[in-house]
Amino acid sequence: MAKNDDMPSIEAELYELSMPGRILGKEVLDSRARRIGIVRSIRIALHPTRSELIVKGAEVEFPVDFSKVDTVGTVVQLNSVVNDAEEIEVHDVIRLQKEVLDDIRSYLGGR
């Protein structure tokens, strides 16, 4: 019988096909209410098991573990401060949403 350490890690990224979706494309605010980016995708991993949001900010993408998500409504509110991302403006949100939608379309072969 194989030990868990011997099992390869398996990862998948999940996308929605609308922008903004139920989670994809929503603004992400840290615990200081700073707008730090939008949700680009959701990453699920096995061995070890973890789930995280991939946040696209100004010139940076970074994972946020689901344990740091406080609420999901019109925005995604985190329960922690994010120092690695600079605050963005509303026009940046619109630009980032368009970039993510263009990326998803390219993954799907230009649909």
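Note that the coordinates shown come from a computational prediction; the quantities given were computed from them, not determined experimentally. (Residues numbered from 1 in each chain as written. Predicted model: local features only at pLDDT ≥ 70, side-chain atom pairs only at ≥ 80, totals over all residues. Heavy atoms only, no water.)

Undergrad: How do you make sense of the pattern of salt bridges when you look at a structure like this?
TA: Side chains bearing opposite charge may pair, as long as their charged atoms lie close to each other. In total, this model carries 15 salt bridges according to the counting rule given. A salt bridge links Lys56 to Glu99; the nearest nitrogen and oxygen atoms lie 3.5 Å apart. Linking Lys56 in strand S4 (residues 50-57) with Glu99 in helix H1 (residues 90-107), this pair joins segments that are 43 residues apart in sequence. Given a relative accessible area of 29%, Glu99 falls into the partly exposed group. Within this structure, Glu11, Glu13, Arg40, Arg43, Arg50, Glu52, Lys56, Glu61, Asp92, Arg95 and Glu99 form a network of salt bridges that share partners. (Salt bridge = Lys/Arg side-chain N within 4 Å of Asp/Glu carboxyl O. Helix = DSSP H or I, 4+ residues; strand = E, 2+ residues; numbered from the N terminus. Buried < 20%, exposed > 50% of the residue type's maximum accessible area, 1.4 Å probe, protein only.)

Undergrad: Looking at this structure, how should I read the environment of Gly25?
TA: One can find Gly25 in the loop between strand S1 (10-14) and strand S2 (27-29). With residues up to four places along the chain from it excluded, the contact list for Gly25 reads Met19, Pro20, Ile38, Val39 and Gln97. (Contact = heavy atoms within 4.5 Å.)

Undergrad: Which parts of the structure should I look at to understand H1?
TA: Three- or four-residue spacings in an α-helix give side chains the same orientation, since the helix completes a turn every 3.6 residues. The terminal C-alpha atoms of H1, which comprises 18 residues, lie 26 Å apart, in line with the 26 Å expected from a rise of 1.5 Å per residue. Of all the positions in H1, only Asp92, Val93, Leu96, Gln97, Val100, Leu101 and Ile104 are classed as buried. Summarising the contacts, the buried residues of H1 are in contact with S2, strand S3 (35-46) and S4. Positive phi appears at Gly109, one or two residues downstream of H1, with a value of about 80°. (Expected span 1.5 Å × (residues − 1).)

Undergrad: Quick question: what am I supposed to make of the side chain of Glu52 here?
TA: Checked against the element boundaries, Glu52 lands in strand S4. According to the relative accessible area criterion, Glu52 is buried, its value standing at 7%. Reaching out from Glu52, the side chain makes a polar contact with the side chain of Arg50 at a distance of 3.5 Å. (Polar contact = N/O pair within 3.5 Å; in protein donor to acceptor, adjacent residues only side chain to side chain.)

Undergrad: What am I meant to see in the environment of Ile23 here?
TA: The residue Ile23 is located in the loop between S1 and S2 in this model. Classification of Ile23 as partly exposed rests on a relative accessible area of 21%. Put simply, Ile23 and Met7 are 16 residues apart on the chain and 31 Å apart in space, counted from C-alpha to C-alpha. Every residue in contact with Ile23, bar those within four places of it in the chain, is listed here: Glu16, Val39, Ile42, Leu53 and Val72.

Undergrad: Just to check I follow, could you spell out the side chain of Gln97 for this structure?
TA: Relative to the helices and strands, Gln97 is located in helix H1. For Gln97, the contacting residues outside a window of four places in its chain are Met19, Pro20, Gly25 and Ile38.

Undergrad: Sorry, what's going on with the nonpolar core here?
TA: Soluble globular proteins tend to bury their nonpolar side chains together. By size, the foremost hydrophobic cluster in this structure holds 13 residues, and its most contacted members are Val28, Ile36, Leu53, Phe62, Val76 and Leu78. Contributing elements (two or more residues each) for this core: S3, S4, strand S5 (60-65) and strand S7 (76-78). Among the elements that line this core, the one with the most residues is S3, at three residues. Those residues within four positions of Val76 in sequence are excluded, and the remaining contacts are Lys26, Glu27, Val28, Leu29, Val39, Leu53, Val69 and Thr71. Formed by eight residues, the second largest nonpolar core is a distinct cluster that contains Leu24, Ala58, Val93 and Leu96. (Core = buried A, V, L, I, M, F, W, Y, C linked by side-chain atoms within 4.5 Å.)

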